[in-house]
Amino acid sequence: MPTLSKLLKHPKESFLSLNHCRILHTSDIHLDDSIGGKGEESFAQLGLIDVVDKSIELDVDLFLLAGDLFDHNRVKDRCLEFATEQLARVQCPLVMIAGNHDCLADYSVYHRYEPEIAGDHIHFIRDPAGAVLDFPELGLKAWGRGIVNHQPDNRPLEIVPKKEGASWYIGLAHGYYSNRSADIYSSLITAEQIAASGLDYLALGHVHVFSEMRHGHTLAAYPGSPNISQGTRETTAAFIELLPREGVKVNRIELASQNQLVTREPKELALPSFLG
């Protein structure tokens, strides 16, 4: 069940004209070429299966994937086929961006793979400058910008288009959040940039542990990774509710029970849990 809920409060009249919307937010799945058949799935496969299952269980209106679906840009066809199979199972619109591992550089996997083949519900933002997608049936607009080059001069939130119209405005970005000076990090996201974004909710990717922060009007969260081999002993996602009377509510949700985690002992060296 959802836990650790947090509510972003604003004057009630500012939300009364908006729709109630339920969102599942994930990132950092890190699929690679370790693709097993039924009963022999890799940790990354199990993570993607888990998060898609959870989106169906919660009957969400929108699915957000904030980067690093793939662990690297050299993944082979079987990995791409598995990704397509799982993306096709999602039963609502899905918005996704590239992360630092599957970035939009010249050698990107996304130059030979189109997630949209999984169905008309898939919306992959591949424009390096980012794009705003309109979902009038949800009363929502989604801005996203994937990573092209993961370098210290890359700033994912440097330019966020201004909100237009009376709708929810959410964003997707992949990078390292810091509320203090941290210029050594690539793809840095700052507290000031979050506050200036004008977004109601910001779906982050890159850090493998669930966390949330609020700056100005905007509530932002890392959902954690659903892949237990990514340096953390938990598999989580974020469940977001956009509420007409209260505002934005985010919940940490677990994707597997402790008993299931015991059966998924990592066999390879895990990455640091704070970065990916």
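**Student:** Just checking my understanding: could you explain the overall build of the protein chain for this structure?
**Tutor:** When its secondary structure is counted, the protein chain shows 4 helices and 15 strands. When contacts within the protein chain are restricted to residue pairs at least 6 apart in sequence, those whose partners lie at least 24 apart make up 70%. Split by element, the accessible area of the protein chain, about 12000 Å² in all, is 50% carbon and sulfur.

**Student:** Before we go on, may I ask you to explain helix H2 (residues 77–89) in this structure?
**Tutor:** Because each turn of an α-helix spans 3.6 residues, side chains separated by three or four positions end up pointing in the same direction. Over its 13 residues, H2 extends 19 Å from the first C-alpha to the last, a length consistent with the 18 Å expected when each residue adds 1.5 Å. By the burial criterion, the buried members of H2 are Cys 79, Leu 80, Phe 82, Ala 83, Thr 84, Gln 86 and Leu 87. Contacts from the buried residues of H2 go to helix H1 (43–58), strand E3 (62–66), strand E4 (94–97) and strand E5 (122–124).

**Student:** Help me understand the sheet that holds strand E11 (residues 201–205), please; the structure alone is not making it clear to me.
**Tutor:** The pairing of strands in a sheet happens through backbone hydrogen bonds and is either parallel or antiparallel. A sheet is described by the order of its strands in space; here 6 strands give the open sequence E6-E7-E8-E11-E13-E12, paired in mixed fashion. In this open sheet, the two edge strands, each paired with only one partner strand, are strand E6 (131–135) and strand E12 (211–215). Strand-to-strand twist in this sheet, taken as the mean axis angle between neighbours without regard to direction, amounts to 20 degrees. Of the pairings in the sheet, the one linking strand E8 (residues 168–174) to E11 comprises 5 bridges and is parallel in character. Looking across to E11, one finds that His 174 is bridged to Gly 205.

**Student:** Please clarify how H1 should be interpreted in this entry.
**Tutor:** Taking 1.5 Å per residue as the helical rise, H1 with its 16 residues ought to reach 22 Å, and the 22 Å between its terminal C-alpha atoms agrees with that figure. The buried count for H1 comes to 13 of 16 residues, which makes it a mostly enclosed element. Looking at the residues trailing H1, positive phi occurs at Asp 59, about 55 degrees.

**Student:** Would you mind showing me how to read the pairing of E4 here?
**Tutor:** The side chains of a regular strand alternate, residue by residue, between the two faces of the sheet. The alternating pattern of E4 places Leu 94 and Met 96 and Val 95 and Ile 97 on opposite faces, both of which are buried. In terms of handedness, the path from E3 via H2 over to E4 forms a crossover that is right-handed. Here E4 runs beside E5; their pairing, made up of 3 bridges, is parallel. Considered in E5, the bridge of Leu 94 is made with Ile 122.

**Student:** Is there a simple way to think about the pairing of strand E15 (residues 247–254) in this case?
**Tutor:** With 6 of 8 residues buried, E15 lies mostly within the body of the structure. Linking strand E14 (residues 236–243) back to E15 in an antiparallel pair, the connection comprises 3 residues.

**Student:** Looking at this structure, how should I read unusual backbone geometry?
**Tutor:** Residues other than glycine predominantly adopt negative phi, and peptide bonds predominantly adopt the trans conformation. The phi torsion at His 30 lies on the positive side, around 60 degrees, for a residue other than glycine. On the accessibility criterion, His 30 (2% relative accessible area) is buried. Phi is positive for Asp 59, close to 55 degrees, though the residue is something other than glycine. In this fold, Asp 59 is placed in the loop between H1 and E3.

**Student:** What am I meant to see in the nonpolar core here?
**Tutor:** A general tendency of soluble globular proteins is for nonpolar side chains to be buried together. Of all hydrophobic cores here, the largest spans 36 residues; its most connected members are Leu 31, Leu 69, Phe 70, Leu 87, Met 96 and Tyr 110. Looking at this core, the elements that each hand over two or more residues are H1, E3, H2, E4, E5 and E14. A total of 6 residues in this core trace back to one element, the largest contributor, which is H1. Aside from chain neighbours lying at most four places away, what touches Leu 87 is Leu 65, Leu 69, Leu 94, Met 96, Tyr 113, Pro 115, Ala 118, His 121 and Ile 122.

**Student:** Even after reading the chapter, I still don't get the pattern of salt bridges, so can you show me in this structure?
**Tutor:** Any two side chains of opposite charge can pair, so long as their charged atoms come close to each other. Under the counting rule described, the total for this entry stands at 8 salt bridges. Across the salt bridge formed by Asp 53 and Arg 89, the nearest N and O atoms sit 2.3 Å from each other. Of this pair, Asp 53 sits in helix H1 while Arg 89 sits in helix H2; the two residues are 36 residues apart in sequence, bridging distant segments of the chain. Among the residues examined, Asp 53 registers a relative accessible area of 33% and is labelled partly exposed.

**Student:** Explain the packing of aromatic side chains to me, please; I cannot follow it from the model alone.
**Tutor:** Each aromatic ring pair is characterised by the separation of its centres together with the angle its planes make. Under the criterion given, the structure shown has 3 aromatic pairs. Linked through ring pairs, Phe 70, Tyr 110, Tyr 113 and Phe 124 together constitute an aromatic cluster.

What counts, and at which threshold
Residue indices begin from 1 for each chain and proceed along its sequence in written order. Totals for whole chains, interfaces and linings use all residues, but because this is a predicted model, local features are given only for residues with pLDDT of at least 70 and pairs of side-chain atoms are given and counted only at 80 or more. Side-chain calculation: all heavy atoms of the structure are included, whereas hydrogens and water are not. Where helices and strands are cited, they refer to DSSP runs of H or I of at least four residues and of E of at least two residues respectively, numbered from the N terminus. Here, residues are in contact when the closest pair of their heavy atoms is within 4.5 Å. Using a 1.4 Å probe, accessible areas were evaluated by the Shrake-Rupley method; residue-level cover was limited to the displayed protein chains. Here the expected span of a helix is defined as 1.5 Å times the quantity of residues minus one. Whether a residue is buried, partly exposed or exposed follows from its accessible area with a 1.4 Å probe, protein chains only, as a fraction of its type maximum: under 20%, in between, or over 50%, in that order. What makes two strands pair is DSSP finding at least two bridges between them. Angles shown run from 0 to 180 degrees and are taken between the N-to-C directions of axes, each axis being a line fitted to C-alpha atoms and, for helices, limited to the stretch in contact. Here, the term right-handed applies to a crossover whose path from the first strand over the helix to the second runs clockwise when the strands point away from the viewer. Here, the term nonpolar core denotes a set of buried Ala, Val, Leu, Ile, Met, Phe, Trp, Tyr and Cys residues that are joined through side-chain atoms within 4.5 Å. Take a side-chain nitrogen of Lys or Arg and a carboxyl oxygen of Asp or Glu: if they are within 4 Å of each other, that pair is a salt bridge. The aromatic pairing rule takes the rings of Phe, Tyr and Trp, using the six-membered ring of Trp, and pairs them if the centres are within 6.5 Å, calling planes under 30 degrees apart stacked, those over 60 edge-to-face and the rest tilted.

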